[in-house]
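Tertiary structure, described
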Amino acid sequence: MMKIGIESGAYLGRYGFDAGLARMKAHGYECLDYQDFANTDLPMFSMDAQGFEAYLTEHRKKLEDAGIEITQTHGPWRWPPQDYTEEQRAERFDKMARSIVGTAILGCKNFVIHPIMPFGDNQDPDPEKLWEMNYEFMGRLVEVGRQNDVVVCFENMPMRALSISVPEAILKFVKTINSPYFKVCLDTGHCSVFGLSPAEAVRLTGKDYLQVLHVHDNDGRGDLHWLPYTGVIDWDDFSAALDEIGYEGSLSLETAARKCDDPAEMEAREKDLFLAAKKLARR
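This write-up is about the structure you can find in this document.

1. Here's the deal with the layout of surface pockets
Which parts of space are left empty comes out when a probe the size of a water molecule is rolled across the atoms. Approximately 320 Å³ is the volume attributed to the largest pocket. Looking at the largest pocket, it is lined by 18 residues, and the ones nearest its centre are Gln 211, Tyr 247, Glu 248, Gly 249 and Ser 250. Residue composition of the lining of the largest pocket, grouped by class: six nonpolar, seven polar and five charged. The computed volume of the second largest pocket comes to approximately 260 Å³. Along the wall of the second largest pocket there are 17 residues; nearest its centre are His 74, Trp 77, His 114, His 225 and Glu 254.

Right, here's the structure in full:
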């Protein structure tokens, strides 16, 4: 039976760690996409190794006590991208490597990361150079993953200008690296921005390479992170595709119920989102 998870911002970021954890558990979620590593301005990135480990160990214990599994974490993401110089890439690599260590401390096996974007997010004047920079960078990062028994999951992107964005290109890149510690994170909304079917992306990627999911909807043009069933994606076909390939990971939402001031309405919205996820997971 497919487990259902959600991004940490939807509950822990909105209500605080303890209250958010209790609330997401009460609504039925079984697992978490821990996204704190995405923001390297957080205090934990300034901690020494001992403090870093103690901080994450406390989070792990609270989640374990609540019966919530961390099925994936999200690696550092900086906007706008700054990956052109060796110094910029070195800074990013160090933060990503530390986040992989942190992922292992949390007891999680999957670490999601975006391609590096040396020319920014809206241009790709040298696709061969883009590939080479990512190949060198990700090859080293995957070795850190291997050393910590963490799978680095390469995510398809919504940037139309980039040659490494669509699921086909992501899969080709992952196959080229050719490591059991390098797999695919399939983002449904990012597929939709290109007019691509997430279901067909699931079938293309297949069980051997599809490690984790980011599940959300949109209008087919923008990366809007809408709730499932509120946009253009064919979710019935998506669920069918997951069944067809025998996907064994969790169904992880990268979206949250829209905030409102009425506590009863907010509760209803969050419960409705979980029910939508249950439908997607065919439970």
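Further notes follow.
2. Notes on helix H5 (residues 127–147)
Between its terminal C-alpha atoms H5 stretches 30 Å, which fits the 30 Å expected from 21 residues at 1.5 Å a residue. Within the sequence span of H5, burial applies to Leu 130, Met 133, Asn 134, Phe 137, Met 138, Leu 141, Val 142, Val 144 and Gly 145. End-on, the buried residues of H5 take up no more than an arc of 160 degrees, which puts them together on one face. Those residues of H5 that are exposed and angled more than 90 degrees off the buried face are Glu 128 and Gln 147. On its buried face, H5 sits against helix H4 (86–105), strand E4 (110–113), strand E5 (151–155), helix H6 (167–177) and strand E6 (182–187).

3. So, the environment of Leu 32
For Leu 32, the position within the fold is in strand E2 (residues 31–34). Through-space distance from the C-alpha of Leu 32 to that of Leu 21 is 9.6 Å; in sequence the pair is 11 residues apart. Excluding its chain neighbours within four sequence positions, the residues that come into contact with Leu 32 are Ile 6, Glu 7, Ser 8, Leu 12, Met 24, Leu 63, Ile 68, Glu 69, Ile 70, Thr 71 and Gln 72.

4. Concerning the packing of helix H3 (residues 49–66) against H4
Where H3 contacts H4, the two axes come as close as 9 Å, and the packing angle between them is 40 degrees. Classified by the angle between their axes, H3 and H4 sit oblique to one another. As for how H3 packs across H4, the hand of that crossing is right-handed. Touching Ala 49, Phe 52, Glu 53, Leu 56, Thr 57 and Arg 60 of H3 are Arg 98, Gly 102, Ala 104 and Ile 105, all from H4. Partitioned by chemical class, the residues of the contact of H3 with H4 number five nonpolar, two polar and three charged.

5. Things to note about the nonpolar core
Counting 45 residues, the largest nonpolar core has Met 24, Tyr 29, Leu 242 and Leu 251 as its most contacted members. In terms of residue count, the dominant contributor to this core is helix H9 (residues 235–245) (five residues). Contacts of Tyr 29, omitting those with residues within four sequence positions, involve Ile 4, Gly 5, Ile 6, Tyr 11, Met 24, Ile 68, Leu 253, Glu 270, Leu 273 and Phe 274. Counting residues in each nonpolar core, the second largest holds 26 residues, with Phe 93, Val 152, Phe 154 and Ile 177 among its members.

Thresholds, definitions, all that
Residues numbered from 1 in each chain as written. Predicted model: local features only at pLDDT ≥ 70, side-chain atom pairs only at ≥ 80, totals over all residues. Heavy atoms only, no water. 1 Å grid on protein atoms, 1.4 Å probe; cavity = no way out; pocket = protein on both sides within 12 Å on 5 of 7 lines; lining within 4 Å. Points joined across faces, edges and corners; volume = space filled by probe spheres on them. Nonpolar A, V, L, I, M, F, W, Y, C, P; charged D, E, K, R; others polar. Helix = DSSP H or I, 4+ residues; strand = E, 2+ residues; numbered from the N terminus. Expected span 1.5 Å × (residues − 1). Buried < 20%, exposed > 50% of the residue type's maximum accessible area, 1.4 Å probe, protein only. Arc of directions from axis to C-beta. Contact = heavy atoms within 4.5 Å. Axes fitted to C-alpha atoms, helices over the stretch in contact; angles between N-to-C directions. Parallel < 35°, antiparallel > 145°, perpendicular 65-115°, else oblique. Left-handed = near helix turned anticlockwise from the far one by under 90°. Core = buried A, V, L, I, M, F, W, Y, C linked by side-chain atoms within 4.5 Å.

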